[in-house]
Amino acid sequence: MARSNTMQLLSSLRAAVLLALISLSVHSVAQNELRASISADYHDSLHDLFVHFHRNPELSFLEHATAARLASELRDAGFTVTEGVGGTGLVALMENGEGPTVMVRADMDALPVEERSGLEYASTAKQIDPISGREVPVMHACGHDVHMVSLVATARQMAARRDSWSGTLMLNGQPAEERISGARIMREDQIWDRFGTPDYAMALHVMSGLEAGIINVTEGSPMAGSDSVDIVIHGIGTHGAAPHLGKDPVVLGSQLVMALQTLVARELSPRQPGVVTVGSFHAGSKHNIISDRAELQLTVRNTNPETRQLLLEGIERIAVNLGRAAGLPEDKLPEVSLNNPGTPPTVNNDELVKRLRGVWQQQFGEDRVLAVTSSSMGAEDFPYFTSDPAIPSVYFAIGGSAKSDLDAAANGGPAVPWNHSPMFKIEPELSITRGAEATISALLDLMPAQ
């Protein structure tokens, strides 16, 4: 009897191992087929599409030709596309039976930067900046061209695999991310009322300094919240040779710049991230004139609402009371104002991160999927899509730097230019194909066939 039980147990174990091997083999075949299909698409047309977007960048709010080309590519893939959402934004839908609605965002705008990357397809484009009114050079210095092409690759593969998933796929081309405005404007244009509120949302960002093809995804807040703050310091003008007859806004502004540093150094918990940076200080017109006005422009970064409130309230408190300490009358105290609505921090859904990290580790290997917290306080407007109402979301990074460039920099060679640099460049093939493969594998997990 004991021998019979042992034989049955061994038989069951063999069957379980066989099923596991078959499952692993099926997954491996599917994984290899997906990767090969994306690679073939890249060499057939996606590379040319990337070069087109890179050579023809457009500034925030001016992405007319970019949006039209992206819309055309998504229509050709079989999606129903609505243009003009929030200005130049677009929404592409593919309904494929019962199941969740999942949104994938790609930003479209470029930066007022003159490209010096040395690439043969470098941008020479120029546009009139709608903010300054001046003609400026334009460059995809932050990789949004990669994001758009990865979105097109995702659309084509998902359309070809309708038997493998069920639900509604929503692909968004978002304008004006660099102005921290596009997502908010699309929300104000009633995107959820018009197209449905997603059950999940995803976005990727290609990052210089991270090896091409590496995925980095973290729990918590991968991107900070950001506010732009303006401070007007009123003074009493006088001759530079008679400072005692006036109130010098340059001196008061200088004191304010230094005093603001105490907010992070002495009022914010040492374990809580926050940034107060004075990026612009303008005053005066001549050597021997004490002006009656100085203007400061600040960027303020946070990872939660409590830190944001502490920093913004502290800025106003310090500015106003330094004005009083300088002897300014109440009607000439510094004026503090928010320049725009700002953006909340990007906060990933921890459970969704763990779920997709597991998918990606199985797809690419554990050594190709990192969980490294960024040392930067860069901001994003993606949370305008995901924070109200709260939508479980994951914002992740795809490495964009060639390993050879990173190795050379580590051995004393030239530093790898970061995003927003005029010398910014990425290795497009692995960045685009890995970004698409990561997105598709996540979608297939979130939207299983019914």
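Structure's up top.
All of these numbers come straight from a predicted model, not from anything done at the bench. Just so you know, the residues in each chain are numbered from 1, in the order the chain's sequence is written. Confidence filtering applies because this is a predicted model: local features only for residues at pLDDT of at least 70, side-chain atom pairs given and counted only at 80 or more, and all residues used for totals across whole chains, interfaces and linings. The side-chain numbers reported here are obtained from all heavy atoms of the structure, hydrogens and water having been left aside.

Describing the overall build of the protein chain
1) Next: Numbering goes from the N terminus for both helices and strands, where a helix is a DSSP run of H or I of at least four residues and a strand is a run of E of at least two. Within the protein chain, the regular secondary structure consists of 11 helices and 16 strands.
2) Next: Think of it in three bands: residues with accessible area under 20% of the maximum for their type are buried, residues over 50% are exposed, and the middle band is partly exposed, with areas taken using a 1.4 Å probe on protein chains only. For the protein chain, the residues scored as buried account for 49% of the 450 residues in total.
3) Next: Pairs of residues are marked as contacts when any of their non-hydrogen atoms sit within 4.5 Å. Of all intrachain contacts in the protein chain linking residues separated by at least 6 positions in sequence, the fraction that spans at least 24 positions is 82%.
4) Next: Every accessible area reported is derived by Shrake-Rupley at a probe size of 1.4 Å, with residue values counting cover from the shown protein chains alone. Summing over all exposed atoms, the protein chain offers an accessible surface of approximately 20,800 Å²; the carbon and sulfur share of this is 53%.
5) Next: Positive charge is attributed to Lys and Arg, negative charge to Asp and Glu, and no charge count is given to His or to the chain ends. Where a charge sits is defined by one atom per residue type, namely NZ (Lys), CZ (Arg), CG (Asp) or CD (Glu). Here the protein chain carries 34 positive and 53 negative side-chain charges, and the mean point of each set is 4 Å from the other.

Concerning unusual backbone geometry
1) Next: For the bond running from Asp388 to Pro389, omega is 5 degrees, close enough to zero to count as cis.
2) Next: Its identity is not glycine, yet Phe61 carries a phi of approximately 75 degrees, on the positive side.
3) Next: Within the element layout of this structure, Phe61 appears in the loop between helix H1 (2–55) and helix H2 (64–76).
4) Next: A residue is classified by how much of its surface remains accessible, and Phe61, at 33% relative accessible area, is partly exposed.

Side note on the packing of aromatic side chains
1) Next: The criterion for an aromatic pair is that two Phe, Tyr or Trp rings (for Trp, the six-membered ring) have centres within 6.5 Å, with stacked assigned to planes under 30 degrees apart, edge-to-face to planes over 60 apart and tilted to the rest. Overall, the coordinates contain five aromatic pairs when judged by the stated rule.
2) Next: A ring pair is formed by Phe50 and Tyr121, whose centres lie 5.7 Å apart and whose planes are at 80 degrees; its orientation type is edge-to-face. Of this pair, Phe50 sits in helix H1 while Tyr121 is found in the loop between strand E3 (101–107) and strand E4 (126–128), placing the two residues 71 residues apart along the sequence.
3) Next: With a relative accessible area of 9%, Tyr121 lands in the buried category.
4) Next: In textbook terms, an aromatic cluster arises when at least three aromatic residues are bridged by ring pairs, as seen for Trp192, Phe382, Phe385 and Tyr395.

Description of helix H7 (residues 305–325)
1) Next: Multiplying one less than the number of residues by 1.5 Å gives the expected span of a helix. In this model, H7 (21 residues) spans 30 Å end to end at C-alpha, consistent with the 30 Å of a helix rising 1.5 Å per residue.
2) Next: Restricting attention to buried positions, one finds in H7 the residues Thr307, Leu311, Leu312, Gly314, Ile315, Ile318, Ala319, Val320 and Gly323.
3) Next: For H7, the elements touching its buried residues are strand E9 (225–234), helix H6 (249–267), strand E11 (274–283), strand E13 (293–302) and strand E14 (335–338).
4) Next: Side-chain atoms alone can form a polar contact between residues adjacent in sequence; in general such a contact is a pair of N or O atoms within 3.5 Å, and within protein one must be able to donate a hydrogen while the other accepts it. For H7, the capping residue at the N-terminal end is Asn304, with a side-chain oxygen 3.1 Å from the backbone nitrogen of Glu306.
5) Next: Immediately beyond the C-terminal end of H7, within one or two residues, lies Gly327, with a positive phi of roughly 85 degrees.

Here we look at the environment of Val91
1) Next: With respect to the secondary-structure elements, Val91 resides in strand E2 (residues 89–96).
2) Next: Of the residues examined, Val91 reaches a relative accessible area of 0% and is grouped as buried.
3) Next: Measuring from C-alpha to C-alpha, the distance between Val91 and Arg266 comes to 46 Å, with 175 residues separating the pair along the chain.
4) Next: Those residues within four positions of Val91 in sequence are excluded, and the remaining contacts are Thr80, Val81, Thr82, Val85, Met170, Leu171, Asn172, Met186, Ile191 and Phe195.

Here's the deal with the packing of H2 against helix H3 (residues 144–160)
1) Next: As a packed pair, H2 and H3 sit with axes 9 Å apart at the nearest point and diverge in direction by 15 degrees. One finds that H2 runs roughly parallel with respect to H3. The element H2 and its partner H3 pack so that their crossing is right-handed. Here Thr66, Leu70, Glu73 and Leu74 of H2 lie close against H3, whose contacting residues are Met148, Leu151, Val152, Ala155 and Arg156.
2) Next: Residue classes follow a fixed rule: Ala, Val, Leu, Ile, Met, Phe, Trp, Tyr, Cys and Pro count as nonpolar, while Asp, Glu, Lys and Arg count as charged, and any other residue, Gly among them, counts as polar. Looking at the contact of H2 with H3, its residues break down into six nonpolar, one polar and two charged. Angular values range over 0 to 180 degrees, each being the angle between N-to-C directions of two axes fitted as lines to C-alpha atoms, with helices fitted over their stretch in contact. What sets the label is the angle itself: under 35 degrees gives roughly parallel, over 145 gives roughly antiparallel, 65 to 115 gives roughly perpendicular, and the rest give oblique. Handedness of each helix crossing follows the sense of rotation of the near helix against the far helix: counterclockwise by less than a right angle gives left-handed, clockwise gives right-handed.

Quick notes on the sheet that holds E3
1) Next: Here, strands pair whenever DSSP counts at least two bridges between them. With mixed pairing, eight strands are arranged side by side in an open sheet as E1-E2-E6-E3-E7-E16-E8-E15. Here the strands that pair on one side only, and so sit at the sheet edges, are strand E1 (80–85) and strand E15 (369–370).
2) Next: Sheet topology places E3 next to strand E6 (residues 167–174); seven bridges connect them, and they run parallel. Each residue of the ladder has a partner; that of Val104, found in E6, is Leu171.
3) Next: Along the sheet, H3 makes contact with E2, E3, E6 and strand E7 (200–211), crossing E3 at roughly 150 degrees.

Some details on the pattern of salt bridges
1) Next: Salt bridge, as used here, is a side-chain nitrogen of Lys or Arg placed within 4 Å of a carboxyl oxygen of Asp or Glu. Going through the model one piece at a time under the given rule, you end up with 21 salt bridges.
2) Next: Across the salt bridge formed by Asp189 and Arg194, the nearest N and O atoms sit 3.1 Å from each other.
3) Next: Given the relative accessible area of 41%, Arg194 is considered partly exposed.
4) Next: A salt bridge links Glu351 to Lys354; the nearest nitrogen and oxygen atoms lie 3.8 Å apart. Linking Glu351 with Lys354, this pair stays in helix H8 (residues 350–364), spanning three residues, or about one helical turn.
5) Next: A network of salt bridges, in which partner residues are shared, links Asp41, Arg69, Glu73 and Arg156.

Comments concerning the sheet that holds E9
1) Next: What the four strands build is an open sheet, ordered E11-E13-E9-E14; its pairing is antiparallel. This sheet does not close on itself; its edge strands, each paired only once, are E11 and E14. Each neighbouring strand pair of the sheet contributes to a mean axis angle of 20 degrees, computed without reference to strand direction.
2) Next: Across four bridges, the pairing between E9 and E14 is antiparallel. Pairing of Ile231 across the sheet is with Val336, part of E14.
3) Next: Its contacts with the sheet place H7 against E9, E11, E13 and E14, and it is angled at close to 160 degrees to E13.

Section: the packing of H6 against H7
1) Next: In the contact formed by H6 and H7, the axes pass within 10 Å of each other and the chain directions differ by 145 degrees. The handedness of the crossing between H6 and H7 is right-handed. Contacts between H6 and H7 involve Leu252, Gln255, Leu256, Ala259, Leu260, Thr262, Leu263, Val264 and Glu267 from the former and Leu310, Leu311, Gly314, Ile315, Arg317, Ile318, Ala319, Leu322 and Gly323 from the latter.
2) Next: In terms of residue class, the contact of H6 with H7 is built from 12 nonpolar, four polar and two charged.

Geometric values such as these leave the question of function open.
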